[in-house]
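Below, each chain spelled out in residue letters.
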Amino acid sequence: MEYAKRLISLMLGASLLSAAMPSWAVVDSPGGPAVLQMNFQPPVTQIAQQIYDLHHLMLIICLVIFLAVFGVMFYSILKHRKSLGHKSASFHESTGVEIAWTVVPFLIVIGMALPATKTVVAMKDTSNADITIKVTGMQWKWGYDYLNGDGAGISFLSNLSTPHEQVVDSTKVKNDNYLIEVDNPMVVPVNKKVRIITTANDVIHSWGIPAFGVKQDAIPGFVRDTWFKAEKVGTYRGQCVELCGKDHAFMPIVVNVLSEADYKTWVDGKKKEMAAQADDPTKTWTIDELKQRGEKVYTANCAVCHQATGKGVPGAFPALDGDPVVNGPRAEQINVVLNGKVTGTMQMPAWKAVLSDTEIAAVITYTRNNWSNKAQENIVQPAEVLAARK
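Conventions we followed
- Residues numbered from 1 in each chain as written.
- Predicted model: local features only at pLDDT ≥ 70, side-chain atom pairs only at ≥ 80, totals over all residues.
- Heavy atoms only, no water.
- Helix = DSSP H or I, 4+ residues; strand = E, 2+ residues; numbered from the N terminus.
- Buried < 20%, exposed > 50% of the residue type's maximum accessible area, 1.4 Å probe, protein only.
- Contact = heavy atoms within 4.5 Å.
- Core = buried A, V, L, I, M, F, W, Y, C linked by side-chain atoms within 4.5 Å.
- Axes fitted to C-alpha atoms, helices over the stretch in contact; angles between N-to-C directions.
- Parallel < 35°, antiparallel > 145°, perpendicular 65-115°, else oblique.
- Left-handed = near helix turned anticlockwise from the far one by under 90°.
- Nonpolar A, V, L, I, M, F, W, Y, C, P; charged D, E, K, R; others polar.
- Polar contact = N/O pair within 3.5 Å; in protein donor to acceptor, adjacent residues only side chain to side chain.

*Asks:* Looking at this structure, how should I read the environment of Q347?
*Replies:* Within the fold, Q347 resides in strand β12 (residues 346–348). Its relative accessible area of 42% is what places Q347 among the partly exposed residues. Residues Q347 and L84 lie 263 residues apart in sequence; the distance between their C-alpha atoms is 73 Å. Non-local contacts of Q347, meaning those with residues more than four positions away in its chain, are made with N201, D202, K341 and V342.

Pasting the structure below:
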C-alpha cells in the first residue's frame, strides 16, 4: 500500500512538472533527419540507393557469420562439456581446417569488395556532367559558383538564415528547421548530372547531403570533385561534416531540386537579380550610403568572428573596435580585407573573390565609423578597392 502511494505521488509530480514546462513538438525534417531515425535517409540518387543496399548486404553477411561462428561455438560447448562425460581432444593441426579458414574468409571478403568497389568507382565518375558547380567552404558559410551548364555565371553565398541571437536565446520561438535552413539554397534540376567541385578559403570543410549519398571534403589550396543526379523533386538537407571551428554546427547545406521548367525560371530570375545588384565601381557614394550597406555586409560576413559589437573573441579573433589597422591609413585595411592576413594561429580569409568592390568599400567604411572608431580617412570608395586589386 505504501509503495502504491509513492508511485501515485511520483506520477502526479511528473505530470505537474511536464505541464509547467514548455511544449515542443518534434517532427521529421523534410529532406533531413527524422525523429528516432534508425536507418539511412531515403535515397534519391542511384549512388545513394547502392550505398543503402550495400549497407544492408554487409549487415546480412556479418549477421550470418556471427550466427555461424557462435552457433558452432555454443553447440560445441553445450554438447561436448565435461559433465556429459566428454574428454578434450588432443591434436596439433588440421590442414583441411587451416585451408578452410583461409579460403572461406577470402571468398567472403571478395564477395563484399566487388559490389563496394563498383559503387566507389561510380562515385568518382564525374564525366559528362550537365551542370558544374564550384562549392567553396568558409567560416561559416558556403559559396556557390555555377561554372557551366544552365545557370552558368550565377554566384551567391549561403548562410544559416536564423539570426544568431535567436539561435542562442531559448525564449525565442523557432521553427522546426531553424538550424538547417539557409537564406540561399543551392538549386538544381531533377534528373540532371551535377558535378560538384569543392575547395575552401580558410580551413577544411566537408560538403555532404545524406539523401544524395554525397560527402566531399573542401580543402584550402586543393580542388576535389564529386557528383549527384537527384531523381526526385524536393528539398534536401545536410551540414558541414568536418569540424571547422566554433560555429561548425551553424553551417547547414540545403539543395532544392526543381523540375526542369521551374529550374529555368529560377535561373532567369537569379540572373536578373544579380544584374540588378551589380554595382558600378566608378560610382561615388555618400558616407551614409556606404555605412548603411556596410552594416549589412558586416552582419552577413564579419560579425560571426568579430562580433556585432566589434569586440572580437579574445585569443581567437581580434577586435575591430579600436584596432590600429581600422583607424589607420585606409590602404592597409583595404589590402587586409582583399588578401587576408595570418597572425600567429589566427587567419583572416581573403575576401576579394567573395565580395564586390562596392561591398568591400562599404564594410570598410562601416568599421571605420562605427563603435568607438573615428578614423581620419573615414570613407573608402569602390574605385579605391578596384585599383587595389590590380
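*Asks:* Looking at this model, I keep getting lost on the nonpolar core. Mind explaining?
*Replies:* General note: in soluble globular proteins, nonpolar side chains tend to be found buried as a group. Counting residues in each nonpolar core, the largest one holds 35 residues, and the members touching the most others are I133, Y144, Y146, M186, W207 and F212. Of all the elements in the fold, those that place two or more residues in this core are β1 (131–138), β2 (141–148), β4 (186–189), β5 (194–200), β6 (205–209), β10 (252–258) and α5 (260–277). Contact partners of F212, with chain neighbours within four places excluded, come to V44, T45, I47, A48, F228, A230, Y236, V255 and V257. Counting residues in hydrophobic clusters, the runner-up holds 18 residues, among them V337, L338, V363 and I364.

*Asks:* So what exactly am I meant to see when it comes to the packing of helix α2 (residues 46–79) against helix α3 (residues 95–123) here?
*Replies:* Running from N to C, α2 and α3 point in directions that differ by 165°, and their axes come no closer than 10 Å. Regarding the angle of α2 to α3, the classification is roughly antiparallel. Relative to α3, the crossing made by α2 is left-handed. Of the residues in α3, those in contact with I47, Q50, I51, L54, L57, M58, I61 and I65 of α2 are I108, M112, P115, A116, T119, A122 and M123. Of the residues contributing to the contact of α2 with α3, the split by class is 13 nonpolar, 2 polar and no charged.

*Asks:* Any chance you could explain the side chain of H205 here in plain terms?
*Replies:* Summarising the element assignment, H205 is placed in strand β6. Only 3.5 Å separates the side chain of H205 from the backbone nitrogen of M138, close enough to count as a polar contact. For H205, the side chain forms a polar contact with the side chain of D202, separated by 2.8 Å. With residues near it in sequence (within four places) discarded, H205 still touches G137, M138, Q139, W142, A200, D217, A218, C240, E242, C244 and M251.

*Asks:* Explain the side chain of N301 to me, please; I cannot follow it from the model alone.
*Replies:* Secondary-structure assignment places N301 in helix α6 (residues 287–301). A distance of 3.0 Å separates the side chain of N301 from the backbone oxygen of V297, its partner in a polar contact. Setting aside its immediate chain neighbours within four residues, N301 contacts K141, L157, W351 and L355.

*Asks:* I keep staring at the packing of helix α9 (residues 330–339) against helix α10 (residues 357–368) and nothing clicks. Help me out?
*Replies:* For any two helices packed against each other, the geometry is given by the interaxial angle and the distance between the axes. Viewed as axis vectors pointing N to C, α9 and α10 meet at an angle of 125°, and their least axial separation amounts to 11 Å. Compared by their axis directions, α9 and α10 come out oblique. For the crossing formed where α9 meets α10, the hand is right-handed. Where α9 approaches α10, its residues R330, Q333, I334, V337 and L338 are matched on the opposing element by I360, I364, T367 and R368. Considered class by class, the residues forming the contact of α9 with α10 number 5 nonpolar, 2 polar and 2 charged.

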